[in-house]
Amino acid sequence: MNPSFKKAFVCGWPIAHSRSPQIHQFWLKQFQISGSYEKIAVKPEDFVNFLQTIKADGYCGGNVTIPHKETALACVSRTDDAATKIGAVNTLWLEEGEWVGGNTDWLGFTANLDECAPGWDKPEKLERPAVILGAGGAARGIVYALVMRGFKDIVLVNRTIEAAQRLALDFSLPSPVVSLSDLDQVSGDLSLLINTTSLGMDGKQPLPDSVVRLIGRVSKKTIASDIVYIPLETEFLAKARHAGLVSVDGLGMLLHQAVPGFQQWFGVKPEVTSKLRNLVISGIEGHK
Ligand code: NAP
């Protein structure tokens, strides 16, 4: 094989649904880089061994997705600050023969808002609460992103209150956490309303009435963002749009989180363009 040929991967279980190959293969072709990016199905019990064999097979790095993100954190020789604080690794690369892990999900989230809702973190926005629906793995990256951009009043809302309490404690969030069933107690004077729950994914599971009511009564200056991107316009985003809110879909987060990984492995910083976005959308629509 050509010695300059570079190989990267995305691994998960299941992995068939991953859009990452489409994104990285688009950039490889655009920059005429001699390299590959492929998806590899890895069962949870095989992940540790996989990291060893993939190194021997000449891969320079890759992405890690569900359910391996937390295991990856424990397997690498070093993590970046984001991965350490978030408690999960989504990007791997080799340094002197050792795996290093980073987390770029939060960068994807912030870059997407920078692009689609410029000014979302300006000083007057930081004075109002940001409400996050959900307290799962993805919510951890969103909390990190908001803390990094200066938000102090971050309100976690979750069906299982204990998960929200744990997350608030991990990030020393001063605001009280709220159960999804008590959402009517939350003020509508918000800067951000972010859905990180899997509600709305694949058009399944309707939004709880309390969320619909909140969308209807928040300030019109509230920015609504959903990190779910299949469908592209979730029920949450459709309701936000009808309520006149600026609404930001989750696909941009997926596209932007891929940028640092590509740069790390292939040495070129790519851009998220409308051509790439449309390519991924056509893939999503083709699999409805
Ligand atoms: P996760 O760890 O499984 O967390 C799921 C969250 O959704 C939990 O807060 C859970 O609440 C809540 N939830 C699930 N079903 C619910 C229901 N019926 N009613 C109320 N709450 C419910 O998943 P995750 O890794 O955080 O991912 C969440 C979503 O984000 C997924 O759809 C994923 O595809 C998407 N995502 C997108 C990106 C992107 O780049 N755009 C990146 C990462 C993830 P409980 O704690 O009560 O169970």
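All values reported here derive from a predicted model rather than from experimental measurement.

Cut-offs and rules
Residues numbered from 1 in each chain as written. Predicted model: local features only at pLDDT ≥ 70, side-chain atom pairs only at ≥ 80, totals over all residues. Heavy atoms only, no water. Helix = DSSP H or I, 4+ residues; strand = E, 2+ residues; numbered from the N terminus. Rg over C-alpha atoms; globule rule 2.2 N^0.38 Å. Buried < 20%, exposed > 50% of the residue type's maximum accessible area, 1.4 Å probe, protein only. Contact = heavy atoms within 4.5 Å. Areas by Shrake-Rupley, 256 points an atom, 1.4 Å probe, with all protein chains shown as cover. 1 Å grid on protein atoms, 1.4 Å probe; cavity = no way out; pocket = protein on both sides within 12 Å on 5 of 7 lines; lining within 4 Å. Points joined across faces, edges and corners; volume = space filled by probe spheres on them. Nonpolar A, V, L, I, M, F, W, Y, C, P; charged D, E, K, R; others polar. Near = heavy atom within 4 Å. Polar contact = N/O pair within 3.5 Å; in protein donor to acceptor, adjacent residues only side chain to side chain. Pairing = 2+ DSSP bridges. Axes fitted to C-alpha atoms, helices over the stretch in contact; angles between N-to-C directions. Salt bridge = Lys/Arg side-chain N within 4 Å of Asp/Glu carboxyl O. Phe/Tyr/Trp six-rings, centres within 6.5 Å; stacked < 30°, edge-to-face > 60°. Lys NZ or Arg CZ within 6 Å of the ring centre and 35° of its normal.

(A) Spatial organisation of the overall build of the chain. Across its full length, the chain carries twelve helices and twelve strands. Whereas a compact globule of 288 residues would reach a radius of gyration of roughly 19 Å, the chain reaches 19 Å, a difference of no more than 12%. Taken along its principal axes, the extent of the C-alpha atoms in the chain is 60 × 40 × 35 Å. The proportion of buried residues among the 288 residues of the chain is 51%. Relative to all contacts within the chain whose residues are 6 or more apart in sequence, the contacts with residues 24 or more apart total 68%. When the accessible surface of the chain is split by element, carbon and sulfur atoms take 53% of a total near 13400 Å².

(B) Structural context of the layout of surface pockets. Roughly 200 Å³ of internal volume is contained in the second largest pocket. Along its surface, the second largest pocket is lined by Leu107, Ala111, His256, Val259, Pro260, Gln263, Lys269, Pro270, Glu271 and Val272. The element that contributes the greatest number of residues to the lining of the second largest pocket is helix 11 (residues 251-266), accounting for four residues. Classifying every residue of the lining of the second largest pocket by side-chain character gives six nonpolar, two polar and two charged.

(C) Spatial organisation of the site of the ligand. By nearness alone, 22 residues border the ligand, and Ala138, Asn158, Arg159, Thr160 and Ile227 come closest of all. In the environment of the ligand, an oxygen atom lies 3.0 Å from a nitrogen or oxygen atom belonging to the backbone of Ala135. Within the contact set of the ligand, an oxygen atom lies 3.4 Å away from a backbone nitrogen or oxygen of Leu254. In isolation the ligand has 930 Å² of accessible area, and contact with the protein removes 76% of it. Mapped onto the shell around the ligand, the elements with two or more residues apiece are helix 7 (137-148) and helix 11. In the shell around the ligand, the residues fall into eleven nonpolar, ten polar and one charged.

(D) Here's a closer look at the sheet that holds strand 5 (residues 91-95). Read across the sheet, six strands follow the order 2-1-3-5-6-4 without closing on themselves; strand pairing throughout is mixed. Pairing within the sheet leaves two strands with one partner each, and these edge strands are strand 2 (35-41) and strand 4 (78-79). Sheet analysis places strand 4 next to strand 6 (residues 98-102), joined by two bridges and oriented parallel. Within the sheet, the bridge partner assigned to Arg78 lies in strand 6 and is Val100. Contacts between helix 2 (residues 47-56) and the sheet are confined to strand 1 (6-12), strand 2, strand 3 (59-64), strand 5 and strand 6, with strand 1 contributing the most and set at about 170° to the helix.

(E) Focus on the pattern of salt bridges. The full count for this structure, using the stated rule, is eleven salt bridges. Asp184 is the partner of Arg213 in a salt bridge, and the nearest nitrogen-oxygen pair spans 2.8 Å. Of this pair, Arg213 sits in helix 9 (residues 209-217) while Asp184 sits in the loop between strand 9 (178-179) and strand 10 (192-195), placing them 29 residues apart in sequence. As a salt-bridge pair, Lys239 and Glu235 come within 3.0 Å of each other at their nearest N and O atoms. You can see Lys239 and its partner Glu235 sitting in helix 10 (residues 235-242), four residues apart, about one turn around the helix. We classify Lys239 as partly exposed; its relative accessible area is 32%.

(F) Quick peek at the packing of aromatic side chains. This model, assessed by the stated rule, comprises twelve aromatic pairs. When the centroid spacing of 4.8 Å and the interplanar angle of 50° are considered together, the rings of Phe262 and Phe266 count as tilted. A residue pair is termed a helical-turn pair when its members lie 3 or 4 positions apart in one helix, as Phe262 and Phe266 do in helix 11 at four residues. Owing to a relative accessible area of 0%, Phe262 belongs among the buried residues under this scheme. Among the aromatic side chains, those forming a connected cluster through ring pairs are Trp27, Phe31, Tyr37, Phe262, Trp265 and Phe266. When the ring centre of Tyr59 is taken as origin, the NZ or CZ atom of Lys7, which lies over that ring, is 4.4 Å away.

(G) Fine view of the sheet that holds strand 7 (residues 130-133). One open sheet holds the six strands; their spatial order is 9-8-7-10-11-12, and the pairing between them is parallel. Strand pairing shows two members of the sheet lacking a second neighbour, strand 9 and strand 12 (246-248), which therefore form its edges. Sheet strands in contact with helix 8 (residues 161-170) are strand 8 (154-158) and strand 9, and its direction is about 155° off that of strand 8. This element, helix 10, spans strand 7, strand 10, strand 11 (223-226) and strand 12 of the sheet and lies at about 165° to strand 11.

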